[in-house]
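# Reading the structure
Here are the chains, one letter per residue:
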Amino acid sequence: MSSSTFAWIADTPISAWVNSSGTIWPTLESIHFVSLCVLVGSLLIIDLRLIGFYRERCASTVQFLIRLSLAAFVVNFLTGALFFAGNSPKYLNNSAFELKLILIMLAGMNAIFYRVRLSNLVDTNEVTRSSIGVGYLSLLLWSGVIICGRMITFYAR
Amino acid sequence: MSFLAYLEASAFSEWLLISMLGFPTLIALHSVGMAVAVGLSLMVTLQLNHILTGLSAQLIPKFLSIAVWGFALNLITGIALFVSRGQEYITSTIFLVKMLLVIVSALILFWLRRHLLRMKLATDKLVSNGVARGMSVVFAATWVGAVISGRLIAYLSDLY
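Since the structure is predicted, the reported quantities are computational estimates derived from the model, not experimental observations.

The next subject is the overall build of chain B. Along its length, chain B carries seven helices and zero strands. Beginning at the N terminus, the succession of helices and strands in chain B can be written as α-α-α-α-α-α-α. Taking the principal axes of the C-alpha coordinates as reference, chain B spans close to 55 × 30 × 25 Å. Residue burial in chain B is summarised as follows: out of 160 residues, 39% are buried. Sequence separation of 24 or more characterises 83% of the internal contacts of chain B that already satisfy a separation of 6 or more.

Here it is as structure tokens:
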């Protein structure tokens, strides 16, 4: 994205709304962090099953957790988009932000791989090399997402 | 206050404030610890209150043990961050509210884990235990309150 695009975003009504009151930004941050905890909590239970921390047949539970983590991700994404709209220059040439987006995309691809290739495992006691790899990769990628998210402020120019 | 001033003047505190990576790394790890501790605590609350079903109740103490590790990371990094700005934080009402909520949450976390382990992991007893369910709701609320007050420190410290 070019700097003119960032400047255009800064002039949008959404940007003006985010900055229109002193309570909006802290409220968005609070929602962003609480939904992050829900996202990590639900993903941890799924990933711990994948790596063999426990071996229970729990198809319906995993379905519930996937829906919960998707809902939490949507809330995170929307609040994150509002941060971006409200202070877009902070994200211009910000390597922490760029890395965070890459890690989110990789985590999404990892989740799709799980969905396509491994979702049948939830109805068995089986733990495979692939499931262990997907589980650990998910934990690693989401930890990276959190770390990069916190680094954005420090890498802003 | 003189002890806090001594901590702020320490070599570690100085390194933390001037190094490029010290403060950001600690705050990032602080968030990872928070997400693990609070996230799993919320999932355990859902499980104890029959919203998250299908998993053995015997897993709850195991999940809480991982939450304890998350809390340990959160605590260690939190203390390290406090060293650099102790005098400012200790006079901030919102920081003290956060600390109170964290202490209540952590005490319930440890109590719940011990309580559930002591029940000899009888699945039916665990999920129907009213005290454990009630306490889990309290610690879900205090954890969420701690996360929110933690976010508000940056905005309200000057006011309260």
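If you look at the interface, chain A gives 25 residues, while chain B gives 24 residues. Where the side of chain A that touches chain B is concerned, the elements lending two or more residues are α3 (24-50), α4 (59-86) and α6 (129-155) of chain A. Top element by residues in the side of chain A that touches chain B is α3 of chain A. It accounts for 13 residues. Along the lines of polarity and charge, the residues of the side of chain A that touches chain B split into 16 nonpolar, six polar and three charged.

Attention now goes to the nonpolar core. Judged by nonpolar contacts, the single largest core of 75 residues is most densely connected at Cys-37 and Val-40 of chain A together with Ala-35 and Val-147 of chain B. The element contributing the most residues to this core is helix α3 (residues 22-48) of chain B, with 15 residues. Sequence-distant contacts of Val-40 of chain A, defined by excluding residues within four places in its chain, comprise Trp-142 of chain A together with Ala-35, Val-36 and Gly-39 of chain B.

It is worth spelling out helix α7 (residues 130-156) of chain B at this point. Owing to its 3.6 residues per turn, the α-helix aligns residues three or four sequence positions apart on the same side. Given a rise of 1.5 Å per residue, 27 residues ought to cover 39 Å, and the 37 Å separating the end C-alpha atoms of α7 of chain B matches this to within 8%. At Gly-150 of chain B, α7 of chain B shows its maximal bend, which comes to roughly 25 degrees.

Glancing now at the environment of Phe-71 of chain B. Residues and elements named next belong to chain B. Mapped onto the elements of the fold, Phe-71 is located in helix α4 (residues 60-90). Its 25 C-beta neighbours within 10 Å are what place Phe-71 among the buried residues. When the C-alpha atoms of Phe-71 and Gly-33 are compared, they prove to be 5.7 Å apart, with 38 residues separating the residues in sequence. Apart from residues lying up to four places away in sequence, Phe-71 is in contact with Gly-33, Ala-37, Ala-106 and Leu-109.

As a further point, take the confidence of the model for chain B. All names here are of chain B. Averaged over all residues, the pLDDT of chain B equals 89, while 92% of them reach at least 70. Across chain B, element-level confidence peaks in α3 with a mean pLDDT of 95 and bottoms out in helix α6 (residues 123-128) with 57. Interface confidence in the predicted complex, given as ipTM, is 0.91; pTM for the same model is 0.92.

So, how was this worked out
- Residues numbered from 1 in each chain as written.
- Chains lettered and ligands numbered in written order.
- Predicted model: local features only at pLDDT ≥ 70, side-chain atom pairs only at ≥ 80, totals over all residues.
- Helix = DSSP H or I, 4+ residues; strand = E, 2+ residues; numbered from the N terminus.
- Buried ≥ 20, exposed ≤ 12 C-beta atoms within 10 Å, placed from the backbone.
- Contact = placed C-beta atoms within 7 Å.
- Nonpolar A, V, L, I, M, F, W, Y, C, P; charged D, E, K, R; others polar.
- Core = buried A, V, L, I, M, F, W, Y, C linked by C-beta atoms within 7 Å.
- Expected span 1.5 Å × (residues − 1).
- Bend = angle between axes of the 7 residues up to and from the residue.
- pLDDT = per-residue confidence, 0-100.

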